[in-house]
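Now for the letters of each chain:
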Amino acid sequence: MDAIVLQILNGLDKGSAYALIALGLTLIFGTLGVVNFAHGALFMIGAFCAVTMQRLLSLSHTVVDPSQTDFLGNPLQTKVPYLASVFGTEGAATMIAWSVPLSIILVIPVMLFVGWAMERGLIKHFYKRPHADQILVTFGLAIVLQEIIRAVYGANPIQSPAPPLFSGSVDLGQYLGFQANAVVYPIWRLVYFGFSAVIIAAVFAFLQFTTFGMVVRAGMADRETVGMLGIDIDKRFTLMFGLAAAVAGLAGAMYAPIVSPNYHMGMDFLVLSFVVVVVGGMGSLPGAVFAGFLLGILQGFASMNEVKAILPGIDQIVIYLVAIIILLTRPRGLMGRAGVMED
């Protein structure tokens, strides 16, 4: 039973990332009708925003420290963060340690701008083009962004540790009635799951309970009628593209302590996220979230040693097997609308 609980937690961890990326993909497809293969690159950019925040907070200058000397008695030079002059040494160290959560204040404006620039500068010219053209141009854009990141940050993964308060593990077994150390799980992964749940709930609340969101939902259902009412639906859809980019960026930034940011991480998540969208149903926001967590949990169970002993490599293909079964039995996906991508 403890192994089952552990794999469910692993599935929720992976499913959180899948759900957030798939949610952004579905927002873009549902509003603009664009199949955005550059969405994984937005996840990657968000992760590197966390790296950038860490480096910005760590900027330092060299000072002479008379309290430390070499073997000749000469004072040593040490590097002191610029933040120390404002917040003190301990305050600067704390801010650097919390650079990943603090990166949210950088991620949101950066990703809103990147999303707006992508939509206005390139993607708007492909609204009426076939989906194959959209896939080709956005996939090419993803490769360009990936190479820019590699040129700026290098090809090696960059560690972005979680804050010390959340860097350890917690024994969940003692709260669930198991033996001590039966279910030990990293605290930051639990934080990421909670963060994902808050973001998903905020997006759904925004679309459901705000006037802007209701207009967007109406535009998703009948764009021409909303436009005839004098509403600039194109402007609102552009803002939704920025929102989808921000969701992907936030997902990437908070995922940085789990998987060290690297230039190809966007591609690693992109294919899986598109499978999630297809399984959930193209254009269905609840379907994207449900499928993300479902496939994450299935992948978690497939990674168990007992399962891999019987079916070697099943953890690598289980998501695709489920997608094949779903598409053969229900081409529109679990919660997809009739007629969407069925031609």
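Now for a quick tour of the structure. From a predicted model like this one, the values you see are computed outputs, not experimental measurements.

1. Some details on the side chain of Gln299
In step 1: As for its placement among the helices and strands, Gln299 is situated in helix α13 (residues 285–302).
In step 2: When near neighbours in sequence (up to four residues on either side) are disregarded, Gln299 contacts Lys14, Tyr18, Asp315, Val318 and Ile319.

2. Structural notes on the packing of aromatic side chains
In step 1: Applying the stated criterion across every chain, the model contains 13 aromatic pairs.
In step 2: With a centroid separation of 4.7 Å and an interplanar angle of 45°, the aromatic rings of Phe43 and Phe269 are classed as tilted. Of this pair, Phe43 sits in helix α2 (residues 39–57) while Phe269 sits in helix α12 (residues 265–280), and the two are 226 residues apart along the sequence.
In step 3: Relative accessible area serves as the criterion here: at 11%, Phe269 is assigned to the buried category.

3. Quick notes on a nonpolar patch on the surface
In step 1: Nonpolar side chains collect at one region of the surface, where Val271, Ile317, Tyr320, Leu321, Ile324 and Leu328 lie side by side and expose about 550 Å² of accessible area between them.
In step 2: Ranked by residues supplied to the nonpolar patch, first place goes to helix α15 (residues 314–329) with 5 residues.
In step 3: Mapped onto the secondary structure, Ile317 falls in helix α15.
In step 4: The class of Ile317 is partly exposed, set by a relative accessible area of 40%.

4. What about the nonpolar core?
In step 1: Residues Phe43, Met44, Met118 and Tyr192 are the most contacted members of the largest nonpolar core, which totals 90 residues.
In step 2: Considering each element in turn, this core owes the most residues, 14 residues, to helix α11 (residues 233–255).
In step 3: The residues touching Tyr192, leaving out its near neighbours within four places in the chain, are Asp13, Ser16, Ala17, Leu20, Phe43, Ala251, Met254, Tyr255 and Ile258.

5. Looking at the pattern of salt bridges
In step 1: By the definition in use, this model includes 4 salt bridges.
In step 2: Here Asp133 makes a salt bridge to Arg129, at a shortest N to O gap of 3.1 Å.
In step 3: Note that Glu147 and Arg150 form a salt bridge whose closest N and O atoms lie 2.7 Å from each other. Of the two residues, Glu147 and Arg150 are both situated in helix α6 (residues 131–153); the distance of 3 residues between them amounts to about one turn of the helix.
In step 4: Of the residues examined, Glu147 reaches a relative accessible area of 31% and is grouped as partly exposed.

6. So, the layout of surface pockets
In step 1: In this structure, the largest pocket occupies an estimated 280 Å³ of space.
In step 2: Along its surface, the largest pocket is lined by 12 residues, and Gly30, Thr31, Leu32, Gly33 and Arg223 are the ones closest to its centre.
In step 3: Looking at the lining of the largest pocket, the elements with two or more residues in it are α1 (2–32) and α9 (211–221).
In step 4: Considering only residue class, the lining of the largest pocket consists of 5 nonpolar, 4 polar and 3 charged.
In step 5: Size it by volume and the second largest pocket reaches roughly 220 Å³.
In step 6: Lining the second largest pocket are 11 residues, and of these Arg217, Met220, Gly283, Leu285 and Pro286 sit closest to its centre.
In step 7: Residue assignment for the lining of the second largest pocket shows that the elements contributing at least two residues are α8 (187–209), α9 and α13.
In step 8: Across the lining of the second largest pocket, the residue classes break down as 6 nonpolar, 3 polar and 2 charged.

Criteria and cut-off values
Residues numbered from 1 in each chain as written. Predicted model: local features only at pLDDT ≥ 70, side-chain atom pairs only at ≥ 80, totals over all residues. Heavy atoms only, no water. Helix = DSSP H or I, 4+ residues; strand = E, 2+ residues; numbered from the N terminus. Contact = heavy atoms within 4.5 Å. Phe/Tyr/Trp six-rings, centres within 6.5 Å; stacked < 30°, edge-to-face > 60°. Buried < 20%, exposed > 50% of the residue type's maximum accessible area, 1.4 Å probe, protein only. Patch = residues over 30% accessible without salt bridge, like charges linked within 9 Å, V, L, I, M, F, W, Y side chains within 5 Å. Areas by Shrake-Rupley, 256 points an atom, 1.4 Å probe, with all protein chains shown as cover. Salt bridge = Lys/Arg side-chain N within 4 Å of Asp/Glu carboxyl O. Core = buried A, V, L, I, M, F, W, Y, C linked by side-chain atoms within 4.5 Å. 1 Å grid on protein atoms, 1.4 Å probe; cavity = no way out; pocket = protein on both sides within 12 Å on 5 of 7 lines; lining within 4 Å. Points joined across faces, edges and corners; volume = space filled by probe spheres on them. Nonpolar A, V, L, I, M, F, W, Y, C, P; charged D, E, K, R; others polar.

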